[in-house]
Amino acid sequence: MTYILPTASAVHVDASRCTACGACRQECPVSRFHGYTQIEQVTTAACLHCGHCLAVCPTDALTHDTLPDGTWYPSVAPRPWAEVLATLRGRRSVRRFASRPVTAEHWELLREAMRHAPSGMNVRPVQAVVVTDPVIMREIAAQTVAMLRLPVRLLRTPVGRLLLRIVVGKAAAGQLRTVAPELRAIMGHQAAGGDPVLHGAPGLLILHAARTSPTGHEDCQFAAMSAMLAAPSVGLGTCPIGFVVQGFARVARLRQRIALPDGDEVYAVLAVGYPATTFRTVPTRPEVPVRWFS
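Below is a short write-up of the structure. Here the structure is a predicted model, which is why all the values come from computation and not from measurement.

## Observations concerning the overall build of the protein chain
At step 1: Across its full length, the protein chain carries 10 helices and seven strands.
At step 2: Taken over the C-alpha trace, the protein chain has a radius of gyration of 24 Å; the compact-globule value for 294 residues is 19 Å, which it surpasses by more than 25%.
At step 3: For the protein chain, the spread of C-alpha atoms along the principal axes amounts to about 75 × 50 × 45 Å.
At step 4: When burial is assessed residue by residue, the protein chain has 38% of its 294 residues classed as buried.
At step 5: Accessible area of the protein chain: about 17800 Å², with a carbon and sulfur share of 57%.
At step 6: When the 30 positive and 20 negative side-chain charges of the protein chain are each reduced to one mean point, those points stand 16 Å apart.

Here is the structure:
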(Lines give C-alpha, C1' and ligand atoms only; values in the text may rest on other atoms or scores of the structure.)
Protein backbone atom coordinates (compact mmCIF):
# COMPACT_ATOMS: atom_id res chain seq x y z
CA MET A 1 0.00 0.00 0.00
CA THR A 2 1.01 3.67 -0.29
CA TYR A 3 0.81 5.94 2.73
CA ILE A 4 -0.59 9.28 1.50
CA LEU A 5 0.60 12.33 3.38
CA PRO A 6 -1.84 15.09 4.38
CA THR A 7 -3.72 17.03 1.70
CA ALA A 8 -1.50 18.95 -0.75
CA SER A 9 1.58 16.93 0.16
CA ALA A 10 4.09 16.47 -2.64
CA VAL A 11 5.78 13.38 -1.17
CA HIS A 12 4.22 9.94 -0.81
CA VAL A 13 5.61 7.01 1.15
CA ASP A 14 5.11 3.32 0.45
CA ALA A 15 4.47 1.92 3.94
CA SER A 16 5.45 -1.58 2.87
CA ARG A 17 8.94 -0.38 1.92
CA CYS A 18 9.73 2.34 4.45
CA THR A 19 12.00 1.14 7.28
CA ALA A 20 12.04 4.48 9.14
CA CYS A 21 15.82 4.64 8.69
CA GLY A 22 15.81 8.44 8.81
CA ALA A 23 17.81 9.03 5.61
CA CYS A 24 15.15 11.31 4.12
CA ARG A 25 14.78 13.24 7.38
CA GLN A 26 18.51 13.84 7.60
CA GLU A 27 18.83 14.94 3.96
CA CYS A 28 15.81 17.20 3.47
CA PRO A 29 16.81 20.87 3.91
CA VAL A 30 13.30 22.24 4.56
CA SER A 31 11.11 19.48 6.02
CA ARG A 32 11.31 16.79 8.69
CA PHE A 33 10.79 13.11 7.89
CA HIS A 34 10.30 10.61 10.71
CA GLY A 35 9.25 7.47 8.87
CA TYR A 36 5.99 6.92 7.05
CA THR A 37 3.80 7.07 10.18
CA GLN A 38 5.34 10.25 11.66
CA ILE A 39 6.08 12.42 8.64
CA GLU A 40 5.27 16.09 8.52
CA GLN A 41 3.31 17.48 5.60
CA VAL A 42 5.63 18.35 2.71
CA THR A 43 3.59 20.68 0.54
CA THR A 44 4.41 21.40 -3.06
CA ALA A 45 4.93 25.07 -2.17
CA ALA A 46 7.37 24.35 0.68
CA CYS A 47 9.30 21.62 -1.12
CA LEU A 48 12.48 22.56 -3.01
CA HIS A 49 11.80 19.79 -5.56
CA CYS A 50 15.47 18.86 -5.33
CA GLY A 51 14.74 15.13 -5.14
CA HIS A 52 17.30 14.48 -2.43
CA CYS A 53 14.83 12.51 -0.30
CA LEU A 54 14.15 10.10 -3.16
CA ALA A 55 17.83 9.91 -4.09
CA VAL A 56 18.96 8.78 -0.63
CA CYS A 57 16.10 6.40 0.20
CA PRO A 58 17.67 2.90 0.32
CA THR A 59 14.37 1.10 -0.30
CA ASP A 60 12.78 3.31 -2.96
CA ALA A 61 9.88 3.98 -0.61
CA LEU A 62 9.27 7.58 -1.71
CA THR A 63 7.55 9.08 -4.72
CA HIS A 64 7.14 12.77 -5.56
CA ASP A 65 4.36 14.49 -7.48
CA THR A 66 6.67 16.73 -9.51
CA LEU A 67 9.50 14.21 -9.94
CA PRO A 68 7.89 11.23 -11.68
CA ASP A 69 9.48 7.88 -12.34
CA GLY A 70 11.34 7.65 -15.62
CA THR A 71 12.88 11.11 -15.28
CA TRP A 72 15.77 10.07 -13.05
CA TYR A 73 19.35 9.27 -14.01
CA PRO A 74 21.48 6.51 -12.52
CA SER A 75 24.07 7.68 -10.03
CA VAL A 76 27.64 7.50 -11.31
CA ALA A 77 30.95 7.48 -9.50
CA PRO A 78 32.84 10.79 -9.43
CA ARG A 79 35.43 11.17 -12.17
CA PRO A 80 39.09 10.82 -11.14
CA TRP A 81 40.69 14.07 -9.99
CA ALA A 82 43.17 14.08 -12.88
CA GLU A 83 40.31 14.07 -15.40
CA VAL A 84 38.43 16.81 -13.57
CA LEU A 85 41.55 18.96 -13.36
CA ALA A 86 42.23 18.43 -17.07
CA THR A 87 38.71 19.65 -17.87
CA LEU A 88 39.16 22.75 -15.73
CA ARG A 89 42.59 23.50 -17.17
CA GLY A 90 41.37 22.93 -20.70
CA ARG A 91 38.69 25.61 -20.63
CA ARG A 92 39.89 28.43 -22.85
CA SER A 93 38.36 31.78 -23.80
CA VAL A 94 38.18 31.41 -27.57
CA ARG A 95 38.48 34.60 -29.64
CA ARG A 96 38.94 33.12 -33.10
CA PHE A 97 36.02 31.13 -34.49
CA ALA A 98 35.37 29.16 -37.64
CA SER A 99 32.59 30.63 -39.77
CA ARG A 100 30.37 27.54 -39.83
CA PRO A 101 27.23 27.70 -37.66
CA VAL A 102 26.79 25.74 -34.46
CA THR A 103 24.57 22.72 -35.06
CA ALA A 104 21.18 22.45 -33.39
CA GLU A 105 22.38 19.27 -31.70
CA HIS A 106 25.29 21.06 -30.06
CA TRP A 107 23.08 23.93 -28.86
CA GLU A 108 20.86 21.31 -27.24
CA LEU A 109 23.86 19.70 -25.54
CA LEU A 110 24.84 23.06 -24.04
CA ARG A 111 21.27 23.47 -22.82
CA GLU A 112 21.45 20.03 -21.22
CA ALA A 113 24.67 21.03 -19.44
CA MET A 114 23.06 24.21 -18.08
CA ARG A 115 20.04 22.23 -16.94
CA HIS A 116 22.18 20.53 -14.31
CA ALA A 117 23.92 23.66 -13.00
CA PRO A 118 23.46 24.52 -9.32
CA SER A 119 20.58 26.82 -8.38
CA GLY A 120 20.00 28.66 -5.11
CA MET A 121 17.11 26.98 -3.27
CA ASN A 122 16.54 25.10 -6.55
CA VAL A 123 14.45 28.02 -7.84
CA ARG A 124 15.82 27.64 -11.40
CA PRO A 125 15.25 31.23 -12.61
CA VAL A 126 17.64 31.06 -15.57
CA GLN A 127 16.30 31.62 -19.09
CA ALA A 128 18.32 31.61 -22.29
CA VAL A 129 18.30 33.42 -25.61
CA VAL A 130 20.33 32.06 -28.53
CA VAL A 131 21.19 34.53 -31.27
CA THR A 132 22.59 33.30 -34.60
CA ASP A 133 21.16 36.00 -36.90
CA PRO A 134 24.20 37.90 -38.25
CA VAL A 135 22.22 41.15 -38.43
CA ILE A 136 21.29 41.00 -34.75
CA MET A 137 24.83 39.94 -33.83
CA ARG A 138 26.29 42.97 -35.62
CA GLU A 139 23.79 45.27 -33.95
CA ILE A 140 24.62 43.91 -30.50
CA ALA A 141 28.32 44.44 -31.15
CA ALA A 142 27.80 47.94 -32.56
CA GLN A 143 25.54 49.08 -29.73
CA THR A 144 27.99 47.71 -27.18
CA VAL A 145 30.86 49.68 -28.69
CA ALA A 146 28.68 52.79 -28.93
CA MET A 147 28.03 52.50 -25.20
CA LEU A 148 31.78 52.90 -24.58
CA ARG A 149 32.13 56.14 -26.50
CA LEU A 150 30.66 58.51 -23.91
CA PRO A 151 32.87 57.54 -20.95
CA VAL A 152 35.97 57.52 -23.18
CA ARG A 153 35.07 60.99 -24.46
CA LEU A 154 34.52 62.27 -20.92
CA LEU A 155 37.95 61.02 -19.87
CA ARG A 156 39.58 63.47 -22.26
CA THR A 157 38.86 66.59 -20.19
CA PRO A 158 39.12 67.51 -16.48
CA VAL A 159 35.44 68.46 -16.40
CA GLY A 160 34.50 65.16 -18.01
CA ARG A 161 36.58 63.18 -15.54
CA LEU A 162 34.93 65.02 -12.67
CA LEU A 163 31.50 64.23 -14.07
CA LEU A 164 32.43 60.55 -14.37
CA ARG A 165 33.54 60.47 -10.74
CA ILE A 166 30.21 61.96 -9.70
CA VAL A 167 28.15 59.57 -11.80
CA VAL A 168 29.97 56.25 -11.39
CA GLY A 169 32.14 56.88 -8.32
CA LYS A 170 35.82 57.46 -7.82
CA ALA A 171 36.87 53.80 -8.00
CA ALA A 172 34.95 53.03 -11.20
CA ALA A 173 36.16 56.25 -12.83
CA GLY A 174 39.73 55.29 -11.97
CA GLN A 175 39.26 51.88 -13.55
CA LEU A 176 37.83 53.44 -16.69
CA ARG A 177 40.82 55.73 -16.92
CA THR A 178 43.17 52.75 -16.61
CA VAL A 179 41.51 50.78 -19.39
CA ALA A 180 40.82 53.77 -21.65
CA PRO A 181 43.59 52.82 -24.14
CA GLU A 182 42.06 49.35 -24.54
CA LEU A 183 38.58 50.85 -24.98
CA ARG A 184 39.89 53.19 -27.69
CA ALA A 185 41.53 50.23 -29.41
CA ILE A 186 38.23 48.34 -29.36
CA MET A 187 36.41 51.29 -30.90
CA GLY A 188 39.10 51.66 -33.56
CA HIS A 189 39.00 47.96 -34.42
CA GLN A 190 35.23 48.05 -34.75
CA ALA A 191 35.35 51.20 -36.90
CA ALA A 192 37.78 49.43 -39.22
CA GLY A 193 35.30 46.62 -39.80
CA GLY A 194 36.56 44.18 -37.16
CA ASP A 195 34.60 42.43 -34.44
CA PRO A 196 36.41 43.09 -31.16
CA VAL A 197 33.31 42.36 -29.09
CA LEU A 198 31.95 39.02 -30.35
CA HIS A 199 35.19 37.92 -32.07
CA GLY A 200 33.39 36.64 -35.15
CA ALA A 201 31.47 33.98 -33.23
CA PRO A 202 28.56 32.47 -35.18
CA GLY A 203 26.35 32.36 -32.10
CA LEU A 204 25.61 34.13 -28.86
CA LEU A 205 24.19 32.57 -25.69
CA ILE A 206 22.45 35.14 -23.46
CA LEU A 207 21.34 34.14 -19.96
CA HIS A 208 18.84 36.22 -18.05
CA ALA A 209 16.66 36.03 -14.96
CA ALA A 210 14.10 38.11 -13.12
CA ARG A 211 15.61 41.07 -11.29
CA THR A 212 13.64 40.02 -8.20
CA SER A 213 15.18 36.54 -8.12
CA PRO A 214 17.47 36.41 -5.07
CA THR A 215 19.95 34.15 -6.87
CA GLY A 216 19.34 35.09 -10.51
CA HIS A 217 22.80 36.55 -11.06
CA GLU A 218 24.60 33.63 -9.42
CA ASP A 219 22.45 31.01 -11.14
CA CYS A 220 23.17 32.52 -14.56
CA GLN A 221 26.88 32.44 -13.75
CA PHE A 222 26.65 28.80 -12.69
CA ALA A 223 24.79 27.93 -15.90
CA ALA A 224 27.34 29.80 -18.01
CA MET A 225 30.24 27.96 -16.37
CA SER A 226 28.50 24.62 -16.93
CA ALA A 227 28.15 25.48 -20.62
CA MET A 228 31.78 26.61 -20.86
CA LEU A 229 33.11 23.43 -19.27
CA ALA A 230 30.89 21.19 -21.42
CA ALA A 231 31.52 22.97 -24.73
CA PRO A 232 34.98 21.51 -25.56
CA SER A 233 33.64 17.96 -25.27
CA VAL A 234 31.67 18.51 -28.50
CA GLY A 235 34.30 20.64 -30.20
CA LEU A 236 32.85 24.02 -29.25
CA GLY A 237 34.66 27.06 -27.91
CA THR A 238 33.21 29.82 -25.77
CA CYS A 239 34.14 33.25 -24.49
CA PRO A 240 32.32 35.20 -21.77
CA ILE A 241 31.57 38.74 -22.99
CA GLY A 242 31.20 41.13 -20.06
CA PHE A 243 30.91 44.20 -22.29
CA VAL A 244 27.68 42.86 -23.76
CA VAL A 245 26.25 42.19 -20.29
CA GLN A 246 26.84 45.88 -19.55
CA GLY A 247 25.28 46.77 -22.89
CA PHE A 248 22.04 45.01 -22.03
CA ALA A 249 22.01 46.79 -18.66
CA ARG A 250 22.41 50.25 -20.20
CA VAL A 251 21.03 50.20 -23.74
CA ALA A 252 17.24 49.85 -23.96
CA ARG A 253 17.42 49.09 -27.69
CA LEU A 254 19.42 45.93 -27.02
CA ARG A 255 16.88 44.72 -24.46
CA GLN A 256 14.12 45.30 -26.99
CA ARG A 257 16.08 43.53 -29.74
CA ILE A 258 15.95 40.21 -27.90
CA ALA A 259 12.50 40.84 -26.38
CA LEU A 260 13.93 40.74 -22.87
CA PRO A 261 10.98 40.54 -20.45
CA ASP A 262 10.29 43.58 -18.32
CA GLY A 263 11.89 43.07 -14.94
CA ASP A 264 14.60 40.73 -16.23
CA GLU A 265 18.32 41.38 -16.36
CA VAL A 266 21.00 39.77 -18.51
CA TYR A 267 23.63 38.29 -16.20
CA ALA A 268 25.85 36.27 -18.56
CA VAL A 269 26.70 36.29 -22.26
CA LEU A 270 28.82 33.72 -24.09
CA ALA A 271 30.18 33.87 -27.62
CA VAL A 272 29.85 30.31 -28.98
CA GLY A 273 31.32 28.61 -32.01
CA TYR A 274 33.89 26.15 -33.30
CA PRO A 275 37.44 27.34 -32.54
CA ALA A 276 39.69 28.38 -35.38
CA THR A 277 42.63 28.03 -33.00
CA THR A 278 44.32 24.96 -31.55
CA PHE A 279 45.81 25.43 -28.08
CA ARG A 280 48.87 23.25 -27.69
CA THR A 281 49.68 24.10 -24.07
CA VAL A 282 47.87 25.22 -20.94
CA PRO A 283 49.34 28.21 -19.06
CA THR A 284 49.60 28.13 -15.32
CA ARG A 285 47.36 30.41 -13.27
CA PRO A 286 48.02 32.15 -9.95
CA GLU A 287 46.88 30.31 -6.85
CA VAL A 288 43.82 31.54 -5.00
CA PRO A 289 44.94 33.23 -1.77
CA VAL A 290 43.57 31.42 1.27
CA ARG A 291 43.35 32.49 4.90
CA TRP A 292 42.81 29.63 7.35
CA PHE A 293 40.83 29.75 10.59
CA SER A 294 41.15 26.53 12.52
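The discussion continues.
## Overview of the pattern of salt bridges
It is possible for side chains of opposite charge to pair when their charged atoms get near one another.
At step 1: Within this structure, the stated rule accounts for eight salt bridges.
At step 2: A salt bridge links Arg253 to Glu139; the nearest nitrogen and oxygen atoms lie 3.0 Å apart. Residue Arg253 is found in helix 10 (residues 252–257), and its partner Glu139 is found in helix 5 (residues 134–154); the two are separated by 114 residues along the sequence.

## Regarding the sheet that holds strand 7 (residues 264–273)
At step 1: Pairing within the open sheet is antiparallel, and its four strands lie in the order 4-5-7-6. Taken across any chain shown, the strands that pair with only one partner, and hence form the sheet edges, are strand 4 (127–131) and strand 6 (237–240). Taking the axes of each pair of neighbouring strands and ignoring which way they run, one obtains an average angle of 25° across the sheet.
At step 2: By the bridge criterion, five bridges tie strand 4 to strand 5 (residues 203–210) in an arrangement that is antiparallel. For Val131, the partnering residue across the bridge sits in strand 5 and is Leu204.
At step 3: Along the sheet face, helix 4 (residues 104–115) touches strand 4, strand 5 and strand 7 and points at about 30° away from the line of strand 5.
At step 4: Together, strand 5, strand 6 and strand 7 form the strand contacts of helix 8 (residues 216–230), whose direction differs from that of strand 7 by roughly 10°.

## Brief notes about the packing of aromatic side chains
At step 1: The final tally for this structure, using the stated rule, is zero aromatic pairs.
At step 2: When the ring centre of Phe279 is taken as origin, the NZ or CZ atom of Arg92, which lies over that ring, is 5.4 Å away.
At step 3: The cationic tip of Arg100 hangs over the ring face of Tyr274; the distance from NZ or CZ to the ring centre is 4.1 Å.

## As for helix 7 (residues 170–191)
At step 1: Here helix 7 is 22 residues long and its end C-alpha atoms lie 30 Å apart, about the 32 Å a rise of 1.5 Å per residue gives.
At step 2: Residues of helix 7 that are buried include every one of Ala173, Ala180, Leu183, Ile186 and Met187, and no others.
At step 3: Buried residues belonging to helix 7 abut helix 5, helix 6 (158–168) and helix 9 (242–250).
At step 4: Downstream of helix 7 by a residue or two, Gly193 has a phi angle that is positive, lying close to 100°.

About the cut-offs
- Residues numbered from 1 in each chain as written.
- Predicted model: local features only at pLDDT ≥ 70, side-chain atom pairs only at ≥ 80, totals over all residues.
- Heavy atoms only, no water.
- Helix = DSSP H or I, 4+ residues; strand = E, 2+ residues; numbered from the N terminus.
- Rg over C-alpha atoms; globule rule 2.2 N^0.38 Å.
- Buried < 20%, exposed > 50% of the residue type's maximum accessible area, 1.4 Å probe, protein only.
- Areas by Shrake-Rupley, 256 points an atom, 1.4 Å probe, with all protein chains shown as cover.
- Lys, Arg positive; Asp, Glu negative; His and termini not counted.
- Charge placed at Lys NZ, Arg CZ, Asp CG, Glu CD.
- Salt bridge = Lys/Arg side-chain N within 4 Å of Asp/Glu carboxyl O.
- Pairing = 2+ DSSP bridges.
- Axes fitted to C-alpha atoms, helices over the stretch in contact; angles between N-to-C directions.
- Contact = heavy atoms within 4.5 Å.
- Phe/Tyr/Trp six-rings, centres within 6.5 Å; stacked < 30°, edge-to-face > 60°.
- Lys NZ or Arg CZ within 6 Å of the ring centre and 35° of its normal.
- Expected span 1.5 Å × (residues − 1).

Without other data, these values stay purely geometric and don't point to any function.
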